[in-house]
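Survey of secondary and tertiary structure
One-letter residues, chain by chain:
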Amino acid sequence: AQSVTQLDSQVPVFEEAPVELRCNYSSSVSVYLFWYVQYPNQGLQLLLKYLSGSTLVKGINGFEAEFNKSQTSFHLRKPSVHISDTAEYFCAVGQQGGSEKLVFGKGTKLTVNP
Amino acid sequence: EAGVAQSPRYKIIEKRQSVAFWCNPISGHATLYWYQQILGQGPKLLIQFQNNGVVDDSQLPKDRFSAERLKGVDSTLKIQPAKLEDSAVYLCASSLRRARETQYFGPGTRLLVL
C-alpha cells in the first residue's frame, strides 16, 4: 500500500519570499502524484498533478513541483508567495492499476505574513 | 458549471444516534468519492463508486457506515450508530472516470458527535 509523508505541518513565510513544501511517498508500484490546496472554509482544489512524462509540473497560481523517483519526493515550490496563498496544502499519491485511490498526507499549513 | 453539492453543512448529534449525508456530484461525472477528514489529518477515502458500483470500500467501517449511489448519480453516506471518534468533516468528490483525473470536492459536512 502507498503512503505519503509531509515533513512540515506548518510553514510560516513572509510575503514575496520563496517557499518549498516537502512531500515524500512510499509505493511498490508506479504512482501518480498530486497537490491539492484547501483555503479556509472551502473544499479542496487541485493545484497540479504528475501522471507521466516531464518531471517538472506547473500548476495554477504560479506553483510548480518536481517528481524525483530516486528520492521518492514531489516537493511543491513557489518563487514568490502572496498573502492569498495562505492555506492548507495536501500531497496525495495514487498507485497505477486497480482503483487508483488517492492516499493523502496530513497537510502543511502555509501562512504568509506581510 | 455547478460544483459538487453536499448537505447538510453542519450536524451535531449524540453518540449512538444515526446520521445521513447527501452528495450530488458534477453532472456527467461517473466516479464519486466519500472521504473522512479528521481534524489535523488529510482526507481518508471511505468509499469510491464508479457509476452505481463500488470500486473500493476497503477503509469503510462496515459495521456502522453504509453508502449507496442509486441510479449512478447522487449518493448518501450513513452512520449508525455514531461514535465520538466519527467527529470529522465528510467530503464528497467526483471525477469524470478515473481517480487519476482531477477530483472536484464539495464543501464538506462537519459532524460533531457528543
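Residues numbered from 1 in each chain as written. Chains lettered and ligands numbered in written order. Predicted model: local features only at pLDDT ≥ 70, side-chain atom pairs only at ≥ 80, totals over all residues. Heavy atoms only, no water.

Turning our eyes to something else, we now look at the interface of chain B and chain A. Interface extent is often summarised as the accessible area lost during association of the parts. Contact residues are listed per partner, giving 22 residues for chain B and 17 residues for chain A. Carbon and sulfur atoms supply 51% of the area buried between chain B and chain A, which totals about 1600 Å² over both sides. Of all residues in chain B, Pro43(B), Arg100(B) and Phe105(B) give up the largest surface area on contact with chain A, accounting jointly for 32% of the area buried on that side. Joining chain B to chain A, the criterion identifies 3 salt bridges. Note that Glu100(A) and Arg100(B) form a salt bridge whose closest N and O atoms lie 2.6 Å from each other. Along the contact surface separating chain B from chain A lie 7 residue pairs in polar contact (both at pLDDT 80 or more). Elements that contribute at least two residues to the side of chain B that touches chain A include exactly strand S4 (31-37), strand S5 (44-50) and strand S6 (53-56) of chain B. When grouped by side-chain class, the residues that make up the side of chain B that touches chain A number 8 nonpolar, 10 polar and 4 charged. (Contact = heavy atoms within 4.5 Å. Buried area = accessible area lost by both parts, 1.4 Å probe. Salt bridge = Lys/Arg side-chain N within 4 Å of Asp/Glu carboxyl O. Polar contact = N/O pair within 3.5 Å; in protein donor to acceptor, adjacent residues only side chain to side chain. Helix = DSSP H or I, 4+ residues; strand = E, 2+ residues; numbered from the N terminus. Nonpolar A, V, L, I, M, F, W, Y, C, P; charged D, E, K, R; others polar.)

Residue and element names in this part refer to chain A. What the rule picks out here adds up to 10 salt bridges over all chains. Two residues, Arg 22 and Asp 8, come together in a salt bridge whose shortest N-O distance is 3.0 Å. One end of the pair, Arg 22, is in the loop between strand S3 (19-21) and strand S4 (23-26); the other, Asp 8, is in the loop between strand S1 (3-6) and strand S2 (10-14), and 14 residues separate them in sequence. The salt bridge partner of Glu 20 is Arg 77, with a shortest N-O separation of 2.9 Å. Here Glu 20, found in strand S3, pairs with Arg 77, found in strand S9 (residues 73-78); they are 57 residues apart in sequence, far enough to count as distant. Taking the relative accessible area as the measure of exposure, Glu 20 reaches 34% and is therefore partly exposed. (Buried < 20%, exposed > 50% of the residue type's maximum accessible area, 1.4 Å probe, protein only.)

Moving on, we get to the nonpolar core. A general trend in soluble globular proteins is that nonpolar side chains are found buried together. Counting residues in hydrophobic clusters, the biggest one holds 28 residues, and the most contacted among them are Leu33(A), Trp35(A), Leu47(A), Leu48(A), Phe74(A), Leu76(A) and Tyr89(A). Setting aside residues no more than four positions away along its own chain, Leu76(A) makes contact with Val19(A), Glu20(A), Leu21(A), Trp35(A), Leu47(A), Leu48(A), Phe63(A), Glu64(A), Ala65(A) and Tyr89(A). By size, the runner-up hydrophobic cluster in this structure holds 21 residues, among which are Val19(B), Trp34(B), Phe49(B) and Ala88(B). (Core = buried A, V, L, I, M, F, W, Y, C linked by side-chain atoms within 4.5 Å.)

Moving on: the side chain of Ser94(B). Residue and element names in this part refer to chain B. When you line up the elements, Ser 94 lands in strand S9 (residues 88-95). Classification of Ser 94 by relative accessible area gives buried; the value is 0%. Once residues within four sequence positions are removed from consideration, Ser 94 is found in contact with Val 4, Pro 25, Ile 26, His 29, Thr 31, Leu 32, Tyr 33, Thr 102, Gln 103 and Tyr 104.

Residue and element names in this part refer to chain B. Along the polypeptide, Leu 84 turns up in the loop between strand S8 (75-79) and S9. Judged by its relative accessible area of 45%, Leu 84 falls in the partly exposed class. Taking C-alpha positions, Leu 84 is 30 Å from Ala 99, a pair spaced 15 residues apart along the chain. Leave out the neighbours within four places in its chain, and Leu 84 touches Lys 15, Val 113 and Leu 114.

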